[in-house]
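Remarks on the overall topology
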Amino acid sequence: MTAIHRKSLIESVVDSVPIVLALLDGGERVVLDNHEYKKLMGDLRMAEPAALILDAVRAGLGHGLGPAREGGHAFSECEIRIEPRGAPRWFSCSGTWVRHADGGADARGDGALYLLLAAKETTRSHAEQEKTRMAALQAMMAEEARIDGLRETLSAAVFQIEGPINVMASVMGTIERRGCCAPAGSALTEALDAGKAAVENLRGAIPEHSQESQTAVNLNEIMRDVLDLTTGRMLAAGITVQWRPQAVLPSVNGHARRLRAMFKALVDNAIDAMNTKGWKSRELHVTTRGGGSSVEVRVEDSGPGIPAELRLKVFEPFFSTRKAGGRHLGTGLSAAAQVAADHDGVIEIDPAESGGCSVRVVLPAHGRGTQA
Ligand SMILES: Nc1ncnc2c1ncn2[C@@H]1O[C@H](COP(=O)(O)OP(=O)(O)O)[C@@H](O)[C@H]1O
Ligand SMILES: [Mg+2]
């Protein structure tokens, strides 16, 4: 076989493998690719997906690539997730260092080192796993919401009963000091003690927060969970969603469950705000963005918004303008503020927003914040 025939044979083999292949030079520029790589380029509508893949690999590894030596692995079977505008895609990526002895290289094997990037798409098997996971998540979050409701209701009861009991105790103190009405006084003291004991019992019945360890959490995954979990409500309310994730987002250090519950509360609030009779504009925009030191999530709706004078008040516990009963305890935003603070982050209602409501959550990127 002539060299030319061999070359075209190799090229057609490389083009027909169902794996994204790209060969990168020292400056991480693509010098050779295959059909699957070009297809990915088209799908993602971007010039060089290799840079994006390497970013995601580096974020996943949490450290740099393996040492550059011929035949060595820069990384191996690293699972990455890319979030284009449509559905998320998963790839299992490997990188191998190869040396190319360009014309001038001698027998000692000198020549430039290249990185051969191979990415095999694993979206289909992930999609199956996702279905099972979502069903489990739905059940888990419903149970957690029930417990959260119980916690908040008991806390509210304790808070509300403590006020009058304290007033009664101080009045009793005055009465006792004056030494009047002894028999009625002792009956009242007993009633007061019984009231205090009842409050303590209630306090003891408040369910504790479940213990969850901190991990590297990808907020794109969290937001997608939240959007999946609320799809039913949004469809029923005729709300359209614009989901704009940053394709590869730095992770944050945190409690996945608590973060998921926080963002679900924000999306639920947005749905509540737009799902009022006669309200025409029903659009939800969810955006994620991440830089070197922080990650930002924005939940914007086209509802009536929050008046400027209430922008701080809405974060107070038990503040609600919604109809009492059932779901609206007025604790969604106060709990969200607590979660953000526990992650060394901030949550705020964007004052610049005209029209609807824009809630912005900023959390430190993984490795930047202090431990919560
Ligand atoms: N997206 C939003 N648009 C308009 N108002 C909102 C929005 N989110 C929250 N609010 C206001 O903030 C209040 C407190 O929200 P929250 O703490 O979640 O309690 P709840 O939803 O139980 O009323 C709501 O009652 C509502 O008045
Ligand atoms: Mg709420």
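Residues numbered from 1 in each chain as written. Chains lettered and ligands numbered in written order. Predicted model: local features only at pLDDT ≥ 70, side-chain atom pairs only at ≥ 80, totals over all residues. Heavy atoms only, no water.

1. Overview of the domain arrangement of the protein chain
Worth spelling out the cut-off: Domain limits in this description derive from either an automatic procedure or a database domain assignment.
Domain boundaries assigned for the protein chain yield domain 1 (3–121), domain 2 (146–205) and domain 3 (215–364). Just the C-alpha atoms count here: the centres of domain 2 and domain 3 sit 37 Å apart.

2. What about unusual backbone geometry?
In plain terms, the rule: Starting at the N terminus, helices and strands are each numbered in turn, a helix being any DSSP run of H or I of at least four residues and a strand any DSSP run of E of at least two.
A positive phi angle is found at Glu77, which is not glycine, with a value near 45°. Relative to the helices and strands, Glu77 is located in strand β3 (residues 73–82). Phi at Asp344 is positive, roughly 60°, even though this residue is not glycine. Note on placement: Asp344 falls in the loop between α8 (332–342) and β11 (346–349).

3. Topic: the pairing of strand β5 (residues 112–121)
This is how the line gets drawn: Only when DSSP finds a minimum of two bridges between them are two strands counted as paired.
Across 5 bridges, the pairing between strand β1 (residues 20–24) and β5 is antiparallel. Bridge pairing in β5 places Ala22 opposite Leu117. Here strand β4 (residues 89–100) pairs with β5 via 10 bridges, running antiparallel. Residue pairing in the sheet places Gly95 in a bridge with Leu117 of β5.

4. Overview of the sheet that holds strand β7 (residues 240–244)
What counts is decided by this rule: Geometry is summarised by axes, namely lines fitted to C-alpha atoms with helices restricted to the contacting stretch, and by angles between N-to-C directions that run from 0 to 180 degrees.
One open sheet accounts for 5 strands, arranged β7-β9-β10-β12-β11; its pairing is mixed. This sheet does not close on itself; its edge strands, each paired only once, are β7 and β11. Across the sheet, the mean angle separating the axes of adjacent strands is 10° when strand polarity is ignored. Bridge count between strand β9 (residues 283–290) and strand β10 (residues 294–301): 7 bridges; the pairing is antiparallel. Pairing of Arg289 across the sheet is with Glu296, part of β10.

5. As for the pattern of salt bridges
Quick reminder of the rule: The salt bridge definition used is simple: a Lys or Arg side-chain nitrogen within 4 Å of an Asp or Glu carboxyl oxygen. Partly exposed residues are those whose accessible area sits between 20% and 50% of the maximum for their type, while under 20% is buried and over 50% is exposed, using a 1.4 Å probe and protein chains only.
Overall, the coordinates contain 30 salt bridges when judged by the stated rule. A salt bridge links Glu11 to Lys7; its shortest N-O distance comes to 3.0 Å. With Glu11 and Lys7 both in helix α1 (residues 3–16) and 4 residues apart, the pair spans about one turn of that helix. Assessed through its relative accessible area of 42%, Glu11 is described here as partly exposed. By relative accessible area, which is 52% here, Lys7 ends up exposed. In this structure, the salt-bridge partner of Glu296 is Arg289, at a minimum N-O distance of 3.3 Å. Connected through salt bridges with shared partners, the residues Arg289, Glu296, Arg298, Glu348, Asp350 and Arg360 form a single ionic network.

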